[in-house]
Every structure is written in structure tokens, then in C-alpha cells.
Amino acid sequence: PDGMTLRCVTADADMRRIAAMESVVRGQDRSRPADDLIGRVASAPDEISVHIAEADGEVVSAAWPVFRPGTAFASLGGGSTPVERRGRGIYRAPVATRAALAVARGVTDLHVDASDDSASILRRPGFEAATTTTPYVWSPRTG
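Rules behind the numbers
- Residues numbered from 1 in each chain as written.
- Predicted model: local features only at pLDDT ≥ 70, side-chain atom pairs only at ≥ 80, totals over all residues.
- Heavy atoms only, no water.
- Helix = DSSP H or I, 4+ residues; strand = E, 2+ residues; numbered from the N terminus.
- Expected span 1.5 Å × (residues − 1).
- Buried < 20%, exposed > 50% of the residue type's maximum accessible area, 1.4 Å probe, protein only.
- Contact = heavy atoms within 4.5 Å.
- Pairing = 2+ DSSP bridges.
- Axes fitted to C-alpha atoms, helices over the stretch in contact; angles between N-to-C directions.
- Polar contact = N/O pair within 3.5 Å; in protein donor to acceptor, adjacent residues only side chain to side chain.

Here we look at helix 1 (residues 12–26)
Helix length check: helix 1 (15 residues) gives 21 Å between terminal C-alpha atoms against 21 Å at 1.5 Å per residue, within 8%. Along helix 1, the residues that are buried comprise Asp14, Met15, Ile18, Ala19, Met21, Glu22 and Ser23. The elements touched by buried residues of helix 1 are strand 1 (4–9), helix 2 (31–43), strand 2 (50–55), strand 3 (58–67) and strand 4 (73–80). Glycine 27 occupies a position one or two residues after helix 1 and carries a positive phi of about 70°.

As for the sheet that holds strand 5 (residues 109–112)
In a beta sheet, neighbouring strands are held together by backbone hydrogen bonds and run either parallel or antiparallel to one another. The mixed open sheet is built from 5 strands, whose spatial order is 1-2-3-4-5. The sheet is open, and its two edges are formed by strand 1 and strand 5, each paired on a single side. The mean inter-strand angle of the sheet, taken between neighbouring strand axes irrespective of direction, is 25°. Summarising the sheet, strand 4 and strand 5 pair through 4 bridges and their orientation is parallel. Within strand 5, the position partnered with alanine 74 by the bridge is leucine 110. Those strands touched by helix 1 are strand 1, strand 2, strand 3 and strand 4, and its axis lies near 110° from that of strand 3.

Observations concerning the side chain of serine 23
Looking at the element boundaries, serine 23 is found in helix 1. For serine 23, the side chain forms a polar contact with the main-chain oxygen of alanine 19, separated by 2.8 Å. Ignoring any residue separated from it by four or fewer positions in sequence, one finds serine 23 in contact with Gln28, Asp29, Arg30 and Ser31.

Here you go:
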């Protein structure tokens, strides 16, 4: 979309910018996923490609494909976009970029956990719902 750039990132600082944006979008601390992305990029850069969409110097979306070496599968992670930026095609651009990267690697099956907000966007280029999931958060018991 006009005024937006999409670029691949590897710097720790960019992973922290992603975490800050996702913390705002989700209304909770999302610093742990930044540490995960930093570790994945450092240890297996051929298995992940992190992309950010920026507008006015601000991260307005972030997404990454995770490739499974030796298989025809990849997962599409991320995709968060602040509410005030939605409806402008910002989410669609990283979906298209990640899908193109997957096709270039011979991937035939893509997996994405999508919210209801994203589902309609994903159906347009041909994604089909295969099942649903119920997320759980584990907290260690004390005492």
C-alpha cells in the first residue's frame, strides 16, 4: 500500500520493534517472542525469514515464514497489525511475500493459525480452513 515499505530484517533491534508493536496490538507483554525470533534468526537463518511493514518509520505489521527442511511444509507466523492501520492491505502484503518465498523453495503446503479477522483475507488467495485450534497458556503453579 502507498506509504508502506516491506523489508526483511535480521537485527535484534528490529525484533524488539516487532515485540513492541505486538505488545500494543495484543494488550500484553510480547517481549518473549522477540527473544524467540532473535534465537531462530541466529541459529537457523535458512529456516526463517522475518519481514516488517513500516509506515512513517513505525512497524505496522510483522510476519515470518518458518520452513521445515526436507519437507514440503512451511508455517506463516506473525501478521499482527494495529487496529488503526487495518483495512489498508497491510496484512495482505506480508502474506503474499511469505507465500512467494515458500513457492520459490518448493513448498506446497502452508500452515497459518489465523484469527477471525485474518481468515477472510487468507481465503482470497486460496487458503482453506482445515481445522480450528483452542490456544492455552500454561502458568506454573505455585505452592
